[in-house]
Amino acid sequence: MLKALAGPFPDVVFCPTGGITRENATAFLAQPNVLCVGGSWLTPRDLVEAQDWRAIEALARDAAALRTS
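Residues numbered from 1 in each chain as written. Predicted model: local features only at pLDDT ≥ 70, side-chain atom pairs only at ≥ 80, totals over all residues. Heavy atoms only, no water.

**Student:** I keep staring at the overall build of the protein and nothing clicks. Help me out?
**Tutor:** Tallying secondary structure elements over the protein gives four helices and zero strands in all. In the protein, the order of α-helices and β-strands from amino to carboxyl end is α-α-α-α. The C-alpha atoms of the protein give 14 Å as radius of gyration, which overshoots the globular expectation for 69 residues (11 Å, by more than 25%). The dimensions of the protein, computed from C-alpha atoms along their principal axes, are 45 × 20 × 20 Å. (Helix = DSSP H or I, 4+ residues; strand = E, 2+ residues; numbered from the N terminus. Rg over C-alpha atoms; globule rule 2.2 N^0.38 Å.)

Shown next, in the form of structure tokens:
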């Protein structure tokens, strides 16, 4: 769908969030009209419940590095 929208809306950028995982985030980020992605893999329930902010920070840093990969 993002590829199809790029033609008629060349100036619109997106931040997809539904169904995004660590494994498929790079493919989404490779689209020229995708600025960023979000997903629940960044804040897994078990890490939030354990208040393991360092682990969540590590996931966020890893996700941020995907854009430059």
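**Student:** What exactly am I supposed to notice about the confidence of the model for the protein here?
**Tutor:** Low-pLDDT portions of the prediction should not be read for the details of their coordinates. Chain-level statistics for the protein give a pLDDT mean of 93 and a share of 97% at 70 or above. Across the protein, the secondary-structure element scoring lowest on mean pLDDT is helix α1 (residues 2-6), at 92, and the one scoring highest is helix α3 (residues 45-49), at 98. (pLDDT = per-residue confidence, 0-100.)

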